Amino acid sequence: MQSPFLFHPQSSDSLTFDGTHLTATLFVEPIDGIQQVVIRHEPDNEQFYIPMSQIKDASKGRLQVWQARFPINEDRDVSHYVFKVQTNTAQYWLDARGVSNRIPPKEVHFKYNAQHRPADWVQSQVFYQVFPDRFCNGNPDIGVCSGEYSIKQGTVAAIESEWGTPINNDESMSVQFFNGDIAGIYSKLDYLQDLGVTTLYLNPVFSSLSNHKYDTTDYFNVDPHIGDNEQLAELCQEVHRRGMRIVLDAVFNHTSAEHPWFDKSGKGTDGAYHNLDSKFRDYYFFDGQSQNYEGWNGVQSLPVLNFEHPEVRDYIYDSDSAVIKHWLRPPYSIDGWRFDVIHMLGEGKGAYNNAHYVKAFRDATKQENSEALVLGEHFFEATSWLQGDQEDGAMNYYGFAHPMRAFFANQDIAYDPISLSSSEFQQWLLEAKAKVPWHNQLAQLNQLDSHDTARFITLLKGDEDKMRQAGLLLMTYIGVPCLYYGTEVGIEGENDPDNRRTFPWERVEHSQWVPFFKKMLALRHKYKALQSGDLHFFENQNEQLAFARSFGDEQLVALFNNSDKPSEFRVPVWQLGLESGSAESVLSEEHVSIEKGELVVTLSGKGCDLIKL
């Protein structure tokens, strides 16, 4: 038995909050024998049913409109609710994934967080991730020189490499420098703004011995080889003057083994590694009186911090002069933090009491700037951190990057083969988003690739058609799109470190990808539906994928043909309330018709389109 169509928009069009109660709207395909339509919620951890009323003088095409008002939970920040339609012979439940014939598990109920929501500015942004050493060299005089220092007990010397030369894949890869810097980023702001970028996300910029700078030696100073604090302040101020935003990378789970607190090389006298009486000894996790200690993921150059120690807490987040608060203040006034491996920090091995510290990071950030973004790095599922009281959003590997890689490139995150049908791909996306409150869905950071994954164009083996499909999906899917530097000129690269090649600025003028991504970013900015609108997947079959984004009167349908052959789409746009009329491709400007509630479009093999209804 086929389930009827039910849809509950979660945007502010159809879900309103008056401070104590939610008013929810449900669109229902006419069904014979409806006995009742209700909202199920749990005001005191016990189920309660709220009857819904059909709005007789309102309809959306063939769809009935039902509404009800119900109180939010007073005992917790996130309210869960789900819809039940009862007929004479059957019942249908609508959760955040779709329709089923039984009560769904609570993890996929609709969720509304009345408190601790991301700032509204986030959902309208297009992020751009910059790996400073590889983006642009604006001041050659401050770069690292070959042999300037060594790591690994003096056995591996720093190397200065010529821009554009190959990336080393040996023990020197972390100290191979191309000397991109803050001055270089500043010099390219016109380029980035013209591309359509509105928020810069910078990989770490604080003092460090490596090119990636995830091994901090000084949290209060910019690394002198990429600039200084004054230059960072000037960059932040110029970014803000242009109406843009800037987010910095926070690496607080661990320090460098050469941080003065640890001092593994023994340059000082009070480092924890060599001095059992060091006041910093309990800042880390040593095995008794030995020199054995806990390193991030077992990496001995990255000793893990112990947040059970009050001075560590004060230094990082708790005191008025804490690191988190310092950079949120003038003259920098950064707009948020991306917290590196935030799920791993805590009190000892196993990240004990992690949720407490993530909440503390959030509180410290929001106390300084309530509009600041709290973004977490999670390479896998991040559901438990995204319920509102910890993170605004996460780097959406599990809910976007992983399924995108599987669907388009037929590889999982371990580079093993995988094959997904369009319906399986859709199911993955819906399952991931269903577990997260609506406003946090809008703040998820979606990327095709990053400094930790192979370049997407390389995963696709250079397939330009699939890259265009992925680019359109990135800009039309729910969440905030983020381009990894150089994607817009087609930079290739295998896994780390090859994915961190220098930006080939000579490609910009003639690259086919620059105008493509410029157009994609412009679409994202033009349509409110793509920023804040509801997401509705149509039932997909074969190798077709179609979904709608809707906000107010603005409705767009994104179409993707994952087959090598042309394919006709018959999209049931009656589910959006449309029975007839005309529509237009925003990519080709061609007109298409809507007849008997269906949008009929033919796409070429591996083609894609965005239709404005």
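- An unreviewed UniProt entry lists the protein under the name Maltodextrin glucosidase, from Vibrio breoganii.

What about the overall build of the protein?
Right, on to step 1. Within the protein, the regular secondary structure consists of 14 helices and 33 strands.
Right, on to step 2. For 613 residues, the compact-globule estimate of 2.2 N^0.38 gives 25 Å, and the C-alpha radius of gyration of the protein, at 26 Å, lies within 12% of that figure.
Right, on to step 3. Principal axes of the C-alpha set define a box for the protein whose edges measure 80 × 60 × 45 Å.
Right, on to step 4. A buried classification covers 60% of the 613 residues belonging to the protein.
Right, on to step 5. For the protein, restricting intrachain contacts to residue pairs at least 6 apart in sequence, the fraction spanning at least 24 positions comes to 65%.
Right, on to step 6. Just so you have it, the protein exposes about 24,100 Å², and 45% of that area is on carbon and sulfur atoms.
Right, on to step 7. Put simply, the protein has 52 plus and 85 minus side-chain charges, and the middle of one group is 5 Å from the middle of the other.

Some words on the pattern of salt bridges
Right, on to step 1. Evaluation of the coordinates by the stated rule reveals 33 salt bridges.
Right, on to step 2. Close ionic contact of arginine 245 with aspartate 335 constitutes a salt bridge, the shortest N to O distance being 3.5 Å. Taken together, the residues arginine 245 in strand S20 (residues 245-250) and aspartate 335 in the loop between helix H6 (323-326) and strand S21 (336-339) connect sequence positions 90 residues apart.
Right, on to step 3. A relative accessible area of 25% means that arginine 245 is categorised as partly exposed.
Right, on to step 4. Aspartate 392 serves as the salt-bridge partner of arginine 362, at 2.9 Å between the closest nitrogen and oxygen. One end of the pair, arginine 362, is in helix H7 (residues 354-368); the other, aspartate 392, is in the loop between strand S22 (373-376) and strand S23 (393-394), with 30 residues separating them in the sequence.

A short note on the UniProt feature "domain: Glycosyl hydrolase family 13 catalytic" (unreviewed entry) in the protein
Right, on to step 1. UniProt feature "domain: Glycosyl hydrolase family 13 catalytic" (unreviewed entry): in the numbering of this structure it lies at residues 129-524.
Right, on to step 2. The span residues 129-524 is 30% helix and 12% strand, and its two end C-alpha atoms sit 17 Å from each other.

What about the pairing of strand S29 (residues 567-571)?
Right, on to step 1. Of the two faces of S29, only the one carrying Ser567, Phe569 and Val571 is buried; Glu568 and Arg570 on the other face are not.
Right, on to step 2. Here five bridges tie S29 to strand S32 (residues 598-603), and the two strands are oriented antiparallel to one another. Its bridge partner lying in S32, serine 567 is registered against leucine 603.

Here's the deal with the sheet that holds strand S33 (residues 608-612)
Right, on to step 1. The strand order across the open sheet formed by eight strands is S26-S27-S28-S33-S30-S31-S32-S29, and the pairing between neighbours is antiparallel. Only two strands of the sheet have a single partner each, and these edge strands are strand S26 (534-537) and S29. On average, each strand axis in the sheet is inclined to that of its neighbour by 30°, with strand direction left out of account.

Quick notes on unusual backbone geometry
Right, on to step 1. Following proline 330, the chain continues into proline 331 via a peptide bond in cis, with omega recorded as 5°.
Right, on to step 2. Position of proline 331 among the secondary structure elements: in the loop between H6 and S21.
Right, on to step 3. Of the consecutive residues aspartate 496 and proline 497, the connecting peptide bond is found in the cis state with omega at 15°.
Right, on to step 4. Within the secondary structure, proline 497 is located in the loop between strand S25 (480-484) and helix H13 (513-526).
Right, on to step 5. Even without glycine at this site, lysine 152 takes up a positive phi of about 50°.
Right, on to step 6. When you line up the elements, lysine 152 lands in the loop between strand S13 (150-151) and strand S14 (156-157).
Right, on to step 7. Residue lysine 152 is classed as partly exposed on the basis of its relative accessible area of 45%.
Right, on to step 8. Unusually for a residue other than glycine, valine 341 sits at a positive phi of about 30°.
Right, on to step 9. Secondary-structure assignment places valine 341 in the loop between S21 and H7.

Some thoughts on the sheet that holds S23
Right, on to step 1. Pairing is parallel across the open sheet formed by eight strands, whose spatial order is S23-S22-S21-S20-S17-S12-S25-S24. Two strands lie at the open edges of the sheet, namely S23 and strand S24 (445-447), each paired on one side alone.

Quick look at the pairing of strand S6 (residues 53-60)
Right, on to step 1. The sheet contact formed by S6 and strand S7 (residues 63-71) spans four bridges and is antiparallel. For lysine 60, the partnering residue across the bridge sits in S7 and is leucine 63.

Quick look at the packing of helix H8 (residues 397-409) against helix H9 (residues 422-434)
Right, on to step 1. Between H8 and H9, the least distance of the axes is 9 Å, while the angle of their chain directions is 170°. Taken together, the axis directions place H8 and H9 in an arrangement best described as roughly antiparallel. On the side of H8, the interface is formed by Tyr398, Gly399, Phe400, His402, Pro403, Met404, Ala406 and Phe407, while H9 contributes Ser422, Phe425, Trp428, Leu429, Glu431 and Ala432.
Right, on to step 2. Across the contact of H8 with H9, the residue classes break down as ten nonpolar, three polar and one charged.

Comments concerning helix H12 (residues 464-476)
Right, on to step 1. The end-to-end C-alpha distance of H12 is 18 Å, a good match for the 18 Å that 13 residues give at a rise of 1.5 Å each.
Right, on to step 2. With ten of 13 residues buried, H12 is to be regarded as a mostly interior element.
Right, on to step 3. Burial in H12 covers these residues: Lys466, Met467, Gln469, Ala470, Gly471, Leu472, Leu473, Leu474, Met475 and Thr476.

Side note on the packing of aromatic side chains
Right, on to step 1. Taken as a whole, this structure holds 54 aromatic pairs when the rule is applied.
Right, on to step 2. Taking the centre distance of 6.2 Å and the plane angle of 80° together, the rings of tyrosine 477 and phenylalanine 547 count as edge-to-face. Highlighted residues: tyrosine 477 in the loop between H12 and S25 and phenylalanine 547 in strand S27 (residues 544-551), separated in sequence by 70 residues. Phenylalanine 547 matches tyrosine 477 in its accessibility class, with the two residues each being buried.
Right, on to step 3. The ring of tryptophan 121 has arginine 245 sitting right over it, with the charged end atom 4.3 Å from the ring centre.
Right, on to step 4. The ring centre of phenylalanine 286 lies 3.7 Å from the NZ or CZ of arginine 281, which sits over that ring.

Concerning the packing of H12 against H13
Right, on to step 1. Between H12 and H13, the least distance of the axes is 9 Å, while the angle of their chain directions is 25°. With respect to their mutual orientation, H12 and H13 come out roughly parallel. In this structure, H12 crosses over H13, and the sense of that crossing is right-handed. Of the residues in H13, those in contact with Glu464, Met467, Arg468, Gly471, Leu472, Leu474, Met475 and Thr476 of H12 are Trp513, Phe516, Phe517, Met520, Leu521 and Arg524.
Right, on to step 2. Considered class by class, the residues forming the contact of H12 with H13 number nine nonpolar, two polar and three charged.

Here we look at the environment of glycine 479
Right, on to step 1. Relative to the helices and strands, glycine 479 is located in the loop between H12 and S25.
Right, on to step 2. Taking the C-alpha atoms as reference points, glycine 479 and glutamine 123, 356 residues apart in sequence, are found 6.8 Å from one another.

With respect to the state of the cysteines
Right, on to step 1. Tallied over the entire structure, the rule returns zero disulfides.
Right, on to step 2. Counting only cysteine sulfurs, cysteine 482 is the nearest neighbor of cysteine 236, a cysteine outside any disulfide, at a range of 17 Å.
Right, on to step 3. Judged by its relative accessible area of 0%, cysteine 236 falls in the buried class.

Thresholds, definitions, all that
- Residues numbered from 1 in each chain as written.
- Predicted model: local features only at pLDDT ≥ 70, side-chain atom pairs only at ≥ 80, totals over all residues.
- Heavy atoms only, no water.
- Helix = DSSP H or I, 4+ residues; strand = E, 2+ residues; numbered from the N terminus.
- Rg over C-alpha atoms; globule rule 2.2 N^0.38 Å.
- Buried < 20%, exposed > 50% of the residue type's maximum accessible area, 1.4 Å probe, protein only.
- Contact = heavy atoms within 4.5 Å.
- Areas by Shrake-Rupley, 256 points an atom, 1.4 Å probe, with all protein chains shown as cover.
- Lys, Arg positive; Asp, Glu negative; His and termini not counted.
- Charge placed at Lys NZ, Arg CZ, Asp CG, Glu CD.
- Salt bridge = Lys/Arg side-chain N within 4 Å of Asp/Glu carboxyl O.
- UniProt positions renumbered as here; feature names shortened; annotations may be inferred.
- Pairing = 2+ DSSP bridges.
- Axes fitted to C-alpha atoms, helices over the stretch in contact; angles between N-to-C directions.
- Parallel < 35°, antiparallel > 145°, perpendicular 65-115°, else oblique.
- Nonpolar A, V, L, I, M, F, W, Y, C, P; charged D, E, K, R; others polar.
- Expected span 1.5 Å × (residues − 1).
- Phe/Tyr/Trp six-rings, centres within 6.5 Å; stacked < 30°, edge-to-face > 60°.
- Lys NZ or Arg CZ within 6 Å of the ring centre and 35° of its normal.
- Left-handed = near helix turned anticlockwise from the far one by under 90°.
- Disulfide = S-S within 2.5 Å.

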